[in-house]
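For reference, the chains in residue letters:
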Amino acid sequence: MGRRIRIAAGLFALAEIVVFVLVAQWVGAGVTVLAALATTVLGWALLARQGTKALLELRESARTRRAAGRELGNAGLVAVGGLLMVLPGFIGDLLGLLCLLPGTRSLVRAGLTALIASRLPGGLRPPVRVDSVRTAEMPQRDDVGTTPLVIEGEVLRGPDGRPLS
């Protein structure tokens, strides 16, 4: 797995260099450098704005005690998008912009979800169904009869009022 990542990172860097050279030949080296700097500044601005928004959504979901899966995904995509925008290169800027803009972030999330789900083993692919012992019907025992088993006792509580284990 590590070898694949190194090869992918090397190919990505090579593609960034090729695109940078092609843009420099098309519009000139000075304009290309200014465009790269401009996209870096734009990346910082978008990262600050969308990052703050994502953190506020995370804080709100924590305050209301609800699952924060979507908010965590947004925060992760904003972080990756900001990193891609800040690093020099036009391909990374385009991918980072897709991760940072709220309208396209859902498309990136859907694509990543499909990619991850396709790599999972068959039994773990969505939808996952789980049988719970608590919800399953208890088998009837013939030797007990119809009267329920009752255990009388007392719950011991600690100084904080919670039951002792």
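The structure presented is a predicted model; accordingly, all values stated were derived computationally and were not measured.

**Student:** Residues and numbers for the side chain of Asn-74, please.
**Tutor:** Among the secondary structure elements, Asn-74 is positioned in helix H3 (residues 69-86). We classify Asn-74 as buried; its relative accessible area is 8%.

**Student:** Before we move on, can you summarise the packing of aromatic side chains with the specific residues and values?
**Tutor:** Per the stated rule, a full pass over the model turns up 1 aromatic pair. When the ring of Phe-20 is compared with that of Phe-90, the centres are 5.7 Å apart and the planes differ by 15°; the resulting orientation is stacked. With a gap of 70 residues between them, Phe-20 in helix H1 (residues 2-27) and Phe-90 in helix H4 (residues 90-100) connect regions that are remote in the sequence. Looking at Phe-20, the relative accessible area reads 28%, which means it is partly exposed.

**Student:** Describe a nonpolar patch on the surface, with residues and values.
**Tutor:** A surface patch of nonpolar side chains, amounting to about 470 Å² of accessible area, comprises Ile-7, Leu-11, Leu-14, Val-18 and Leu-22. Inspection of the secondary structure puts Leu-14 in helix H1.

**Student:** Please give an account of the packing of H3 against helix H5 (residues 102-119) that cites residues and values.
**Tutor:** The contact between H3 and H5 brings their axes to 11 Å, and the two run at 105°. With respect to H5, the axis of H3 lies roughly perpendicular. Only Arg-105, Val-108, Arg-109 and Leu-112 of H5 make contact with H3, whose side of the interface consists of Arg-70, Asn-74, Leu-77 and Val-78. In terms of residue class, the contact of H3 with H5 is made up of 4 nonpolar, 1 polar and 3 charged.

**Student:** Explain the pattern of salt bridges to me, using residue names and the numbers behind them.
**Tutor:** Evaluation of the coordinates by the stated rule reveals 3 salt bridges. The salt bridge involving Arg-63 is made with Glu-60; its shortest N-O contact spans 2.7 Å. Of the two residues, Arg-63 and Glu-60 are both situated in helix H2 (residues 29-63); the distance of 3 residues between them amounts to about one turn of the helix. Given a relative accessible area of 33%, Glu-60 falls into the partly exposed group. With a shortest N-O distance of 3.2 Å, Arg-66 and Glu-71 are connected by a salt bridge.

**Student:** Can you explain the packing of H2 against H3? Please cite residues and give values.
**Tutor:** At their nearest, the axes of H2 and H3 sit 9 Å apart, and the two run at 165° to each other. With respect to each other, H2 and H3 are oriented roughly antiparallel. For the crossing formed where H2 meets H3, the hand is left-handed. Tallied by class, the residues present in the contact of H2 with H3 amount to 12 nonpolar, 8 polar and 2 charged.

**Student:** I'd love a proper account of the confidence of the model for the chain, names of residues and values included.
**Tutor:** On average, residues of the chain score 83 in pLDDT, and 86% of them are at 70 or above. Confidence scores differ between elements of the chain, with H3 showing the lowest mean pLDDT of 86 and H1 the highest of 92.

**Student:** Summarise the environment of Gly-89; cite the residues concerned and give the values.
**Tutor:** Tracing the backbone through its elements, the reader meets Gly-89 in the loop between H3 and H4. Look at Gly-89 and you get buried, because its relative accessible area is 5%. C-alpha separation for the pair Gly-89 and Val-19, spaced 70 residues apart in sequence, amounts to 8.0 Å.

What counts as what
- Residues numbered from 1 in each chain as written.
- Predicted model: local features only at pLDDT ≥ 70, side-chain atom pairs only at ≥ 80, totals over all residues.
- Heavy atoms only, no water.
- Helix = DSSP H or I, 4+ residues; strand = E, 2+ residues; numbered from the N terminus.
- Buried < 20%, exposed > 50% of the residue type's maximum accessible area, 1.4 Å probe, protein only.
- Phe/Tyr/Trp six-rings, centres within 6.5 Å; stacked < 30°, edge-to-face > 60°.
- Patch = residues over 30% accessible without salt bridge, like charges linked within 9 Å, V, L, I, M, F, W, Y side chains within 5 Å.
- Areas by Shrake-Rupley, 256 points an atom, 1.4 Å probe, with all protein chains shown as cover.
- Salt bridge = Lys/Arg side-chain N within 4 Å of Asp/Glu carboxyl O.
- Axes fitted to C-alpha atoms, helices over the stretch in contact; angles between N-to-C directions.
- Parallel < 35°, antiparallel > 145°, perpendicular 65-115°, else oblique.
- Contact = heavy atoms within 4.5 Å.
- Nonpolar A, V, L, I, M, F, W, Y, C, P; charged D, E, K, R; others polar.
- Left-handed = near helix turned anticlockwise from the far one by under 90°.
- pLDDT = per-residue confidence, 0-100.

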